[in-house]
Amino acid sequence: MFLIFYECCMTLTGPFKQLLTMDNIPEKGALSDDQLEIISDGGILHRDGKIIETGNFQELKEKYDTTKIEWVEGDYVVLPGMIDVHTHICWAGSRAEDYALRLSGKSYLEIAELGGGIWDTVEKTRKASVEELADLTEQRANRLLKMGVTTIEVKSGYGLSVKQELKILKAISLVNKRIMVDIIPTCLAAHILPKDFKGTELEYLDLIVEKLLPEVMSQNLSSRVDIFIDKGAFSFIAAKSYLTKVKELGFDIVIHGDQFNSGTATLANEVQALSLDHLEAADEQEIALLAAGNVIPVVLPGASLGLGEPFAPARLLLDAGTSLVIASDWNPGTAPMGNLLTEASILGAYEKLTMAEVWAAITCRAAIALKLSDRGILRKGNLADFNAFKTDDYKEILYQQGQLKAGMVWKNGEIVI
Ligand code: NIG
Ligand code: FE
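Small disclaimer: the values here were computed from a predicted structure and weren't measured.

S.K.: So what exactly am I meant to see when it comes to the nonpolar core here?
M.R.: Burial of nonpolar side chains together is a common tendency in soluble globular proteins. The biggest cluster of nonpolar side chains holds 105 residues, and the ones touching the most others in it are Leu213, Ile227, Tyr242, Ile255, Ile326 and Trp359. Aside from chain neighbours lying at most four places away, what touches isoleucine 326 is Val299, Pro301, Leu340, Ala344, Leu347, Leu353, Val358, Ala361 and Ile362. Counting 15 residues, the second largest nonpolar core, distinct from the first, contains Ile83, Ala303, Ala327 and Ala335.

In C-alpha cells:
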C-alpha cells in the first residue's frame, strides 16, 4: 500500500538522448571529455524536488511502473542546472555612459576617478526603495533562470553604508522568497571606500565589522563576506585586518582580487577564503600559490568582455592542478552581458578548455565554491535542477557559443520553461 503511494508520487522525466550527470568529476585539475558520464536514452526519476534515480529511461520505466511520466518529445541533451557563483544583480540605473567612454579609450580606473564607476551605481542604488530593487533583481534573476541558471549568488555592494547595505540585502532576501531560483546572498559592503565616508579605509571597515555584520548575521541576511582588493578599492593591509575580524564573526570569505594587479593569493590562502574571484592579472606565482592551497579560483569572462581586457589564465590554473569555476559577474559596470553560458563558451575557446572543464566550472565545481553539496550533479538525493537542450550531442551546446539555449528548465523538479 505504502509502496504504491510512494511510487505514484514520483515523476519520471525523459527520455533524453544524452544525460550528462557530471558525477564522479574530480574537484580539482584538468579534465578530458571522456571523464563525462553520459547516459544514453536517459531518464530522471524525481519526487518533491529531489532526484531519486537517474538511468536508462526504459529501465526506470519498467522498474517503477506506476510512476507518472513526463514525456519529452524529440532529441534533447540534459545537464544539471547551471550555478552562477558571482553576480552583482541588485543594482539600479545603467552605466552605458561608462561603457561608451571605455570604447572611446578611457580606462575603468580613469572613469572611476572622473566620478563614474562603482560610485555612480551606488548613488543610483541608494535612491531606489527596497521594493524597486527587489523588482529589478527579480527580473534579472528570472532572466538567468530562463537561461538555465538555477542557483545564483548575489552580492550587495552598491549601498556602502550600514543602512543602505542592509536595504540591499533585504531586497535580495525578498527576491529569494518570491522566485523559484535559489539565491545565495553575499555582503560586499567592502566594495570601495565610499566617497562620503569621512575617515580612513580601516575606519570604514571597522564600522562594517561593528555595526553592519552583526545585523546581517542576526537578521540572517547572509553568511558570506566579500571584499574588493585592488588599486582604487581596498589595500592588502586593510583587507587582512578586516578579513581576520570577519572570520572571527563566523562568516565565509570570498575575495575580488588580481583583477588589475597581482598578489592576492597569499592573503586568500591565509584567511582560508572559499574563492578568489577575477584573476585576470594573476601571474605564475599566484597560480602556484593557489595550486598549493584550497582556495577555488573563480574566473569571470564577462568582466574581460565588458572591459576589453585579457581573460584570466584558466588553462594555466587547471594545468597547475587547481579547480576552476566560471561565473558571470553580471554587474552594470564591468560585466553587463549577464549570460553565463555564452561567456563560459567563449572563455573555453580562447583558453582551450575542454568541454568537461567548462561544464564542471558552471555545475559541479561551482556548487563546491558555494559549499552546496545538493546540486551541480544529477544524482540520487540532489535537487532536481536540470536543463534540456534540443540536440542529440552535448558538444553542440558549447560549439554554438550560447545560441543553443536551454529549451526546457526544471527547478526543484518543476518545469520552469
Ligand atoms: O566584479 N571589481 C569589482 N566589482 C565589480 C565591478 C562593479 C562595477 O563596476 O560596478 C566586478 O568587476
Ligand atoms: Fe564582481
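Picking up after the structure, the text goes on.
S.K.: Looking at this structure, I do not really get the domain arrangement of the chain. What am I missing?
M.R.: Splitting the chain by domain gives domain 1 (2–81 + 376–415) and domain 2 (83–369). The partner domain 2 presents 35 residues to the 34 residues of domain 1 that form the contact. Interface area, domain 1 with domain 2, both sides summed: about 2,700 Å², of which 64% is carbon and sulfur. Three residues, Lys28, Leu398 and Lys411, lead the burial of domain 1 against domain 2; their summed loss comes to 24% of the area buried on that side. Linking domain 1 with domain 2 are 1 salt bridge. One salt bridge connects lysine 411 with aspartate 182, and the closest N-O pair in it is separated by 2.8 Å. Our count for the contact surface shared by domain 1 and domain 2 stands at 15 residue pairs in polar contact (both at pLDDT 80 or more). Elements represented by at least two residues in the side of domain 1 that touches domain 2 include exactly strand E5 (77–80), strand E14 (386–389), helix H17 (395–399) and strand E15 (406–411).

S.K.: Explain the side chain of aspartate 329 to me, please; I cannot follow it from the model alone.
M.R.: Here aspartate 329 lies in the loop between strand E13 (325–326) and helix H14 (340–351). Buried charge without a salt bridge: aspartate 329, with lysine 155 as the nearest opposite-charge side chain at an N-O distance of 6.9 Å. Filtering out sequence-adjacent residues up to four positions away, aspartate 329 remains in contact with Asp84, His86, Thr87, His88, His256, His278, Leu300, Ala303, Thr334 and Ala335.

S.K.: Before we go on, may I ask you to explain the pattern of salt bridges in this structure?
M.R.: It is possible for side chains of opposite charge to pair when their charged atoms get near one another. In the structure shown here, the tally under the stated rule is 20 salt bridges. For lysine 155, the salt bridge identified is with aspartate 226, shortest N-O distance 2.8 Å. Taken together, the residues span a long stretch of sequence, with lysine 155 in strand E7 (residues 149–155) and aspartate 226 in strand E9 (residues 224–228) at a distance of 71 residues.

S.K.: Quick question: what am I supposed to make of the packing of helix H5 (residues 118–127) against helix H7 (residues 162–178) here?
M.R.: To characterise two packed helices, one gives the angle between the axes of the helices and the distance between these axes. Interhelical geometry of H5 versus H7 gives an angle of 70° and a closest axis separation of 10 Å. Between H5 and H7, the angle is such that the two are roughly perpendicular. Contacts between H5 and H7 involve Thr125, Arg126 and Lys127 on the former and, on the latter, Gln164, Lys167 and Ile168. Classifying every residue of the contact of H5 with H7 gives 1 nonpolar, 2 polar and 3 charged.

S.K.: Is there a simple way to explain the site of ligand 1 in this structure?
M.R.: The environment of ligand 1 is formed by 15 residues, the closest being Arg95, Tyr108, Tyr158, His191 and Thr334. Within the contact set of ligand 1, an oxygen atom lies 2.5 Å away from a side-chain nitrogen or oxygen of tyrosine 108. A distance of 3.0 Å is found between an oxygen atom of ligand 1 and a side-chain nitrogen or oxygen belonging to histidine 256. Bound to the protein, ligand 1 loses 100% of the 320 Å² it would expose on its own. Grouping the constituent residues of the shell around ligand 1 by class yields 4 nonpolar, 9 polar and 2 charged.

S.K.: How should I be thinking about the pairing of strand E3 (residues 50–56) in this particular structure?
M.R.: On a regular strand, each side chain points to the face opposite its neighbour's, so the side chains alternate between the two faces of the sheet. Relative to E3, strand E2 (residues 38–47) is paired through 6 bridges, and the arrangement is antiparallel. The residue of E3 that forms the bridge with histidine 46 is isoleucine 51. Between E2 and E3, which pair antiparallel one after the other, the connecting turn spans 2 residues, and aspartate 48 there sits at a positive phi close to 50°.

Definitions and limits used
Residues numbered from 1 in each chain as written. Chains lettered and ligands numbered in written order. Predicted model: local features only at pLDDT ≥ 70, side-chain atom pairs only at ≥ 80, totals over all residues. Heavy atoms only, no water. Core = buried A, V, L, I, M, F, W, Y, C linked by side-chain atoms within 4.5 Å. Buried < 20%, exposed > 50% of the residue type's maximum accessible area, 1.4 Å probe, protein only. Contact = heavy atoms within 4.5 Å. Domains from an automatic or database assignment. Buried area = accessible area lost by both parts, 1.4 Å probe. Salt bridge = Lys/Arg side-chain N within 4 Å of Asp/Glu carboxyl O. Polar contact = N/O pair within 3.5 Å; in protein donor to acceptor, adjacent residues only side chain to side chain. Helix = DSSP H or I, 4+ residues; strand = E, 2+ residues; numbered from the N terminus. Lys, Arg positive; Asp, Glu negative; His and termini not counted. Axes fitted to C-alpha atoms, helices over the stretch in contact; angles between N-to-C directions. Parallel < 35°, antiparallel > 145°, perpendicular 65-115°, else oblique. Nonpolar A, V, L, I, M, F, W, Y, C, P; charged D, E, K, R; others polar. Near = heavy atom within 4 Å. Areas by Shrake-Rupley, 256 points an atom, 1.4 Å probe, with all protein chains shown as cover. Pairing = 2+ DSSP bridges.

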